[in-house]
Amino acid sequence: MAGGYRTVRLLDEDGTRRGFAHIPPALSEGVNGRWDPDRKDIFLIPGEGIKTEILLSRTIPMMEGKPRFFLLDEIGGKELLIPAFYHRLEQLFSGEIPCIGVLKAPDGSEGIRRWMQQTNFRSAYNRFVGMLSENPRVQITDGSEPGGYRQQILQWKKENGVER
């Protein structure tokens, strides 16, 4: 029922994080997947950076179509520096199909803290968060509101007609 993508951490046999992949929301793979360097959906390998061609050829198509809603897991990273990806996010958030997602926090992972020191990333991130903040249909939360994330998601589902 959902379009968009989930982010999977890819771990080797020792449990070491080796990369990240985007998968359709309906796939049964959990938040941690098995590292296989031959996977075709790996968009980020720590130390090697983002694979723009994967985001353009595999992730953006997951954000097309007319599903009941879009799930966007872990938005707000280096993908904001890719004009076509950023443009697709702008289209989604200004469109009629409801979107729900997880926004990276600027004080979150070590990677994003390091990226925030780069002027071009900080500018793109602030522009993105500004776009979200100005949209009356977008709610940004840190989970500190009554009911936490779970209650907010249930309320969002009800308000947007995506309950089963």
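Definitions and cut-offs
Residues numbered from 1 in each chain as written. Predicted model: local features only at pLDDT ≥ 70, side-chain atom pairs only at ≥ 80, totals over all residues. Heavy atoms only, no water. Helix = DSSP H or I, 4+ residues; strand = E, 2+ residues; numbered from the N terminus. Rg over C-alpha atoms; globule rule 2.2 N^0.38 Å. Buried < 20%, exposed > 50% of the residue type's maximum accessible area, 1.4 Å probe, protein only. Contact = heavy atoms within 4.5 Å. Areas by Shrake-Rupley, 256 points an atom, 1.4 Å probe, with all protein chains shown as cover. Lys, Arg positive; Asp, Glu negative; His and termini not counted. Charge placed at Lys NZ, Arg CZ, Asp CG, Glu CD. Axes fitted to C-alpha atoms, helices over the stretch in contact; angles between N-to-C directions. Parallel < 35°, antiparallel > 145°, perpendicular 65-115°, else oblique. Nonpolar A, V, L, I, M, F, W, Y, C, P; charged D, E, K, R; others polar. Core = buried A, V, L, I, M, F, W, Y, C linked by side-chain atoms within 4.5 Å. pLDDT = per-residue confidence, 0-100. Phe/Tyr/Trp six-rings, centres within 6.5 Å; stacked < 30°, edge-to-face > 60°. Lys NZ or Arg CZ within 6 Å of the ring centre and 35° of its normal.

Draft legend 1. Looking closely at the overall build of the protein chain. Across its full length, the protein chain carries five helices and seven strands. Mapped in sequence order, the helices and strands of the protein chain form the string β-β-β-β-β-α-β-α-β-α-α-α. Taken over C-alpha atoms, the radius of gyration comes to 16 Å for the protein chain, in line with the 15 Å a tight globule of 164 residues would show. Along the three orthogonal principal directions, the C-alpha set of the protein chain runs to about 40 × 40 × 30 Å. Looking at the protein chain as a whole, 39% of its 164 residues qualify as buried. Restricting the contact set of the protein chain to residue pairs at least 6 apart, pairs at least 24 apart contribute 53%. Put simply, the protein chain shows about 9,800 Å² of open surface, and 50% of that area lies on carbon and sulfur atoms. Taking the 23 positively charged and 22 negatively charged side chains of the protein chain as two groups, their mean positions are separated by 2 Å.

Draft legend 2. Region of the structure containing the packing of helix α2 (residues 83-94) against helix α4 (residues 119-134). Where α2 meets α4, the closest approach of the two axes is 11 Å, and the angle between their N-to-C directions is 10°. In terms of their interaxial angle, α2 and α4 are classed as roughly parallel. Here α2 contributes Tyr86, Leu89, Glu90 and Phe93 to the contact with α4, which in turn contributes Ala124, Arg127, Phe128, Met131 and Leu132. Among the residues forming the contact of α2 with α4, the class breakdown is seven nonpolar, no polar and two charged.

Draft legend 3. Looking closely at the nonpolar core. Of all hydrophobic cores here, the largest spans 29 residues; its most connected members are Met63, Leu72, Phe85, Leu89, Phe93 and Phe128. Every element with two or more residues in this core is listed here: β4 (42-45), α1 (52-62), β6 (69-75), α2, α3 (110-115) and α4. Membership of the second largest hydrophobic core comes to seven residues, among which are Val8, Ala21, Ile23 and Trp35.

Draft legend 4. Broad picture of the confidence of the model for the protein chain. With 96% of its residues at a pLDDT of 70 or more, the protein chain has an overall mean of 89. Summarising per-element confidence for the protein chain, the mean pLDDT is lowest in helix α5 (residues 148-159) (78) and highest in α1 (97).

Draft legend 5. Examining unusual backbone geometry more closely. Of note in this structure, Glu74 is not a glycine but carries a positive phi near 70°. By secondary structure assignment, the location of Glu74 is in strand β6.

Draft legend 6. The arrangement of the packing of aromatic side chains in detail. Following the criterion strictly, the structure yields five aromatic pairs and no others. Here the aromatic rings of Tyr86 and Phe128 are separated by 6.0 Å at their centres, their planes lie at 70°, and the arrangement is edge-to-face. Within this pair, whereas Tyr86 is found in helix α2, its partner Phe128 is found in helix α4, the two being separated by 42 residues in sequence. On the basis of relative accessible area, Tyr86 is assigned to the buried category, the value being 3%. On the basis of relative accessibility, which here comes to 0%, the residue Phe128 falls in the buried class. Note on Phe121 and Tyr125: the rings are 6.0 Å apart at their centroids and 35° apart in plane angle, and the pair reads as tilted. In this pair, Phe121 and Tyr125 are both assigned in helix α4, four residues apart and thus about one turn of the helix distant. Among the aromatic residues, those joined into a cluster by ring pairs are Tyr86, Phe93 and Phe128. The ring of Tyr86 has Arg127 sitting right over it, with the charged end atom 4.0 Å from the ring centre.

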